[in-house]
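Structural characterization, general
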Amino acid sequence: MAAAFPSSAKSAVTTVKMLIGGEWREGANTYEVRDPYRGEVIAHAPESSLADLNDALAAATAAKSKAAAMPGYERAAILRKVAQLLVARADEIAGIVARETGKAISDARAEVVRSQDTVLLSAEEAIRIQGEQVPLDGSPMGAGKLALLLRFPVGVVAGITPFNAPFNLACHKFAPALAAGNTIVLKAPPQSPWVVSK
């Protein structure tokens, strides 16, 4: 049986970093993240600046053409790999969720299981994105004509994650965005940024 809190979740105070353009960076300013149950400082998180936001938007914009061109089967494979990693790191992630949110460890584990489902369902949808054929013969002008509806990635998605289920709701933002061929700029909740950075 796993410990109530994995050792990584009980270790020294963590420094949370931002992932921007494939690189981890610290913020110029930070704030304390506290375990709401114990009141202990568990992490120092970055206060993102306007420059950080502009860098994140520029990186997401620069990558959007590559993301849109990625075939559905490749996007699905990436998401399936993410789901495998969630299974492998479930106890660690649940421990962090419990520390940041004050949730019971059983509820935190349930959130991680739900996150795995969210990512796998998004992987399945990555290979099902399709358009429609619409007959236009509802009027004499449209007789013999057919309209085609095609779906395209929107480009850059902005995601804001609330605090009540931070990990699962982050998965609800990034997984569908990636499945549809988009890039994403994701804002973690200030109460629980550590688990979103995992």
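Values in this document were obtained by computation on a predicted structure and should not be read as measured data.

**Things to note about the packing of helix H3 (residues 72-88) against helix H6 (residues 166-179)**
- Here H3 crosses H6 at 160 degrees, and the two axes come no closer than 9 Å. Taken as axis vectors, H3 and H6 run roughly antiparallel relative to one another. Of the two possible hands of crossing, H3 and H6 adopt the one that is right-handed. Judged by residue contacts, Arg75, Ile78, Leu79, Val82 and Leu86 of H3 engage Phe167, Phe174, Ala175, Leu178 and Ala179 from H6.

**Quick look at the confidence of the model for the chain**
- Considering every residue of the chain, the mean pLDDT works out to 92; 94% of them sit at 70 or more.
- Counting interchain partners and residues more than four positions distant, the pLDDT-below-50 stretch residues 1-9 has 19 contacts.

**A look at the layout of surface pockets**
- The space that makes up the largest pocket amounts to roughly 1,800 Å³.
- Surrounding the largest pocket, 50 residues form its lining, Leu19, Ile184, Val185, Leu186 and Val196 being those nearest its centre.
- Of all elements in the fold, only strand E2 (18-20), strand E5 (41-47), helix H2 (50-69), H3, strand E8 (156-160), H6, strand E9 (183-187) and helix H7 (193-197) reach the threshold of two or more residues within the lining of the largest pocket.
- The biggest single contributor to the lining of the largest pocket is H2, with 8 residues.
- Residues belonging to the lining of the largest pocket are distributed by class as follows: 36 nonpolar, 8 polar and 6 charged.

**Brief notes about the nonpolar core**
- Judged by nonpolar contacts, the single largest core of 29 residues is most densely connected at Ile93, Val119, Phe167 and Val195.
- Listed in part, the 5 residues of the second largest apolar core include Met18, Ala56, Ala60 and Val185.

**Digging into the environment of valine 156**
- With respect to the element layout, valine 156 can be found in strand E8.
- Overall, the relative accessible area of 30% leaves valine 156 in the partly exposed class.
- Residues valine 156 and threonine 61, spaced 95 residues apart in sequence, show a C-alpha to C-alpha distance of 6.3 Å.
- Setting aside residues up to four positions removed in sequence, valine 156 forms contacts with Ala60, Thr61, Lys64, Thr183 and Val185.

**Observations concerning H3**
- Taking 1.5 Å as the rise per residue, H3 with 17 residues should run 24 Å; its terminal C-alpha atoms sit 25 Å apart, in good agreement.
- Those residues of H3 not exposed but buried are Gly72, Arg75, Ala76, Leu79, Ala83 and Leu86. The arc that holds the buried residues of H3, viewed along the axis, is 100 degrees, so those residues lie on one side. More than 90 degrees from the buried face of H3, the exposed residues found are Tyr73, Gln84 and Ala88.

**Examining the sheet that holds strand E1 (residues 14-15)**
- Here we have 3 strands laid out as an open sheet, ordered E1-E5-E4, and mixed in their pairing. With partners counted over all chains shown, the strands left at the sheet margins are E1 and strand E4 (29-34), one partner each.
- Taken together, the 6 bridges between E4 and E5 define a ladder with antiparallel strand orientation. Opposite arginine 34, over in E5, you have valine 41 as the bridge partner.

**With respect to the pattern of salt bridges**
- Scanning all chains against the criterion turns up 14 salt bridges.
- Arginine 38 is the salt-bridge partner of aspartate 35, the closest N and O atoms lying 2.8 Å from each other.
- Between arginine 99 and glutamate 40 there is a salt bridge; the shortest N-O distance is 2.6 Å. One end of the pair, arginine 99, is in helix H4 (residues 90-101); the other, glutamate 40, is in the loop between E4 and E5, and 59 residues separate them in sequence.
- You can call arginine 99 buried: its relative accessible area is 6%.
- A relative accessible area of 38% places glutamate 40 in the partly exposed class.
- Via salt bridges that share partners, Asp35, Arg38, Glu40 and Arg99 belong to a single interconnected network.

**Re the side chain of threonine 161**
- For threonine 161, the location among the structural elements is in the loop between E8 and H6.
- In this structure threonine 161 touches Pro166, Leu169, Ala170, Lys173, Leu186, Lys187, Ala188 and Pro189, once residues within four positions along its chain are discounted.

The rules behind the values
- Residues numbered from 1 in each chain as written.
- Predicted model: local features only at pLDDT ≥ 70, side-chain atom pairs only at ≥ 80, totals over all residues.
- Heavy atoms only, no water.
- Axes fitted to C-alpha atoms, helices over the stretch in contact; angles between N-to-C directions.
- Helix = DSSP H or I, 4+ residues; strand = E, 2+ residues; numbered from the N terminus.
- Parallel < 35°, antiparallel > 145°, perpendicular 65-115°, else oblique.
- Left-handed = near helix turned anticlockwise from the far one by under 90°.
- Contact = heavy atoms within 4.5 Å.
- pLDDT = per-residue confidence, 0-100.
- 1 Å grid on protein atoms, 1.4 Å probe; cavity = no way out; pocket = protein on both sides within 12 Å on 5 of 7 lines; lining within 4 Å.
- Points joined across faces, edges and corners; volume = space filled by probe spheres on them.
- Nonpolar A, V, L, I, M, F, W, Y, C, P; charged D, E, K, R; others polar.
- Core = buried A, V, L, I, M, F, W, Y, C linked by side-chain atoms within 4.5 Å.
- Buried < 20%, exposed > 50% of the residue type's maximum accessible area, 1.4 Å probe, protein only.
- Expected span 1.5 Å × (residues − 1).
- Arc of directions from axis to C-beta.
- Pairing = 2+ DSSP bridges.
- Salt bridge = Lys/Arg side-chain N within 4 Å of Asp/Glu carboxyl O.

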